[in-house]
Each structure stands twice: as structure tokens, then as C-alpha cells.
Amino acid sequence: MITMTLLQYLILIFLEKKESIDENNKISVQQLAQLFNVKESILIHDVSALIFNSFNKTGKLTDGIITTDGKEKKIEGTTQISINK
């Protein structure tokens, strides 16, 4: 069983829909925070949980349910994220 917050669910749904419409399916954490009207720190926490989870055995930024551009060592407002297919 997978459990997640409503915000995490919305993030996944948004990224999945964005990918089907837009070839450049990446969006920054900061843009998502503005879109969902939540504090960036809250969104970073929820995004981190979608990256660093029990499915991500390696602990890399690029191996979670969602993936990042992998340039930073941690999740920041400028980090670009997308759904990990």
C-alpha cells in the first residue's frame, strides 16, 4: 500500500498531465509552489518524499517516483522536476 498527502497526489497528477501535453515536461519547485499557492518549503518537503522513498534504493535524486535534473545535491526552489517513467 502506498500512502501520500493530497499535495503529493496533486503533484503526481499535474506532472503526468503536463507530460502528455508538453514535450518539455519539467517544472521548477518554485513554479509548482506558486501554481498550488503553497509555501515553497512545504512543496520541497513533499517533493523530497516522492524522490527519497522505499522504491528509490540508490538514494539518487534521479531515481524516485519523480525525478530531478540532478544538478543540485538537494531539492531547492530552482530544481526542475518531472515524473519518472
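For the structure itself, consult the block above.
Scope of this entry: the structure provided in the associated data block.

## What to know about the environment of Thr68
- Within the fold, Thr68 resides in strand S2 (residues 66-68).
- Overall, Thr68 belongs to the buried group, its relative accessible area being 5%.
- Considered as a pair, Thr68 and Ile51 are 17 residues apart in the sequence and their alpha carbons are 8.5 Å apart.

## Here's the deal with the pairing of strand S3 (residues 80-83)
- When strand S1 (residues 27-28) meets S3, the two strands line up antiparallel, connected through two bridges. For Ser28, the partnering residue across the bridge sits in S3 and is Gln80.
- In this structure, S2 lies alongside S3, joined through three bridges in antiparallel fashion. By the bridge assignment, Ile66 is partnered in S3 with Ile83.

## With respect to helix H3 (residues 40-51)
- Spanning 12 residues, H3 covers 16 Å between terminal C-alpha atoms, matching the ideal 16 Å at 1.5 Å per step.
- Those residues of H3 not exposed but buried are Leu43, Asp46, Val47, Ser48, Leu50 and Ile51.
- Buried residues along H3 sit against helix H1 (6-21), helix H2 (29-36), S2 and S3.

## Side note on the sheet that holds S2
- Pairing is antiparallel across the open sheet formed by three strands, whose spatial order is S1-S3-S2. Two strands in the sheet have a free side with no partner beyond their single neighbour: S1 and S2.
- Most of the contacts of H1 go to S3, to which it runs at about 80°, and overall it touches S1, S2 and S3.

## Some points on the packing of aromatic side chains
- Inspection of every chain in the model, using the stated rule, returns one aromatic pair.
- For the pair Phe14 and Phe36, a centre-to-centre distance of 6.0 Å together with 80° between the ring planes defines the contact as edge-to-face. Within this pair, whereas Phe14 is found in helix H1, its partner Phe36 is found in helix H2, the two being separated by 22 residues in sequence.

Thresholds, definitions, all that
Residues numbered from 1 in each chain as written. Predicted model: local features only at pLDDT ≥ 70, side-chain atom pairs only at ≥ 80, totals over all residues. Heavy atoms only, no water. Helix = DSSP H or I, 4+ residues; strand = E, 2+ residues; numbered from the N terminus. Buried < 20%, exposed > 50% of the residue type's maximum accessible area, 1.4 Å probe, protein only. Pairing = 2+ DSSP bridges. Expected span 1.5 Å × (residues − 1). Contact = heavy atoms within 4.5 Å. Axes fitted to C-alpha atoms, helices over the stretch in contact; angles between N-to-C directions. Phe/Tyr/Trp six-rings, centres within 6.5 Å; stacked < 30°, edge-to-face > 60°.

Interpretation in functional terms is not warranted from these geometric data alone.
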